[in-house]
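Okay, here's what each chain looks like letter by letter:
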Amino acid sequence: MLLEVAGLDVRYGRTRAVRGMDLTLDSGEIVTVLGANGAGKTSLLKALQGIVRLAAGRIRFDGADVTGWSAPRRVRGGLTLVPEGRQIFVSLTVHENLQMGAYSRSDPVDAEIEEIYDRFPNLAARRDMSASVLSGGEQQMLAISRALLSKPKLLMLDEPSLGLSPLLVIELFDLIKALNRDGLSILLVEQNTHMALQAAHRGYVLELGAAVISGTPEDLVNEEQKLEAAYLGGG
């Protein structure tokens, strides 16, 4: 088991954003987390990355209890988050953004960056330009590429399709599935239920911070009424 989460609670003051969350992810899996806005999905990912503190619960990753680890230590251990909104460094060039992704590494990364440019010719063409000139789709590809340079064992993606055109959404999910075929484990938070369930091996549906459904994509589709209620009632 690559990731094991038990009894995870996240609170902001009196607000309980995540309530007693249990989640597992095997090496090589794509697991998706679905739910309405405000259901606790982003808080879950931030807790796993170490950006927010837990009120309760334990996190085991790659055989180690990482509950008390800092966010940078979790990145060094192979746990990497691509946040909602991409959060690229618009004051830096495309190439500098990629170099920032490898900040925790001491080994050479030039060959890996060139592989990224081969995969994404648009990034290669703009390598010396400010990242601010990139389109939304290009920014998302840059954000994912930057994360890959940290050598993750588990890549967490928070709403990667947000704001993208339908064609770019298809390209994005093709990339997600290709990365998984190459052996990368992925935890995907996504509003596009249809595309997420097509890509995932298993999924969880959150409502008001708690998992109300879990299982294979087929299981979740068979629980259609609960799935709809989670989206309509999740706030």
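Relevant structure appears above.
Residues numbered from 1 in each chain as written. Predicted model: local features only at pLDDT ≥ 70, side-chain atom pairs only at ≥ 80, totals over all residues. Heavy atoms only, no water.

Caption draft 1: Layout of the packing of helix H3 (residues 94-101) against helix H6 (residues 136-148). One can describe the packing of H3 onto H6 by two numbers: an axis separation of 7 Å at closest approach and a directional angle of 35°. In this structure, the crossing between H3 and H6 has a hand that is right-handed. In this structure, H3 uses Val-94, Asn-97, Leu-98 and Gly-101 to contact H6, whose residues at the interface are Leu-142, Ser-145 and Arg-146. (Axes fitted to C-alpha atoms, helices over the stretch in contact; angles between N-to-C directions. Helix = DSSP H or I, 4+ residues; strand = E, 2+ residues; numbered from the N terminus. Left-handed = near helix turned anticlockwise from the far one by under 90°. Contact = heavy atoms within 4.5 Å.)

Caption draft 2: The layout of surface pockets, seen in detail. One number sums up the size of the largest pocket: a volume of about 510 Å³. Lining the largest pocket are 22 residues; nearest its centre among them are Val-75, Thr-80, Leu-81, Pro-83 and Arg-146. Listing elements by their share of the lining of the largest pocket, those giving two or more residues are helix H1 (41-49), helix H2 (71-76), strand S6 (79-82), H3 and H6. For the lining of the largest pocket, the residue count by class is 12 nonpolar, six polar and four charged. The space that makes up the second largest pocket amounts to roughly 360 Å³. Along its surface, the second largest pocket is lined by Glu-112, Glu-115, Ile-116, Arg-119, Leu-148, Leu-149, Lys-151, Pro-152, Leu-179, Asp-182, Gly-183 and Leu-184. In terms of residues, the lining of the second largest pocket owes the most to one element, helix H4 (residues 110-119), which gives four residues. (1 Å grid on protein atoms, 1.4 Å probe; cavity = no way out; pocket = protein on both sides within 12 Å on 5 of 7 lines; lining within 4 Å. Points joined across faces, edges and corners; volume = space filled by probe spheres on them. Nonpolar A, V, L, I, M, F, W, Y, C, P; charged D, E, K, R; others polar.)

Caption draft 3: Examining the pattern of salt bridges more closely. Applying the stated rule across the entire model yields 10 salt bridges. Between Asp-62 and Lys-153 there is a salt bridge, with its nearest N and O atoms 2.5 Å apart. Taken together, the residues Asp-62 in the loop between strand S4 (56-61) and strand S5 (64-65) and Lys-153 in the loop between H6 and strand S7 (154-158) connect sequence positions 91 residues apart. As a salt-bridge pair, Asp-182 and Arg-119 come within 3.8 Å of each other at their nearest N and O atoms. Of this pair, Asp-182 sits in the loop between helix H7 (166-181) and strand S8 (185-189) while Arg-119 sits in helix H4, and the two are 63 residues apart along the sequence. (Salt bridge = Lys/Arg side-chain N within 4 Å of Asp/Glu carboxyl O.)

Note that every value here comes from positions in space, so none of it alone points to a role or purpose.
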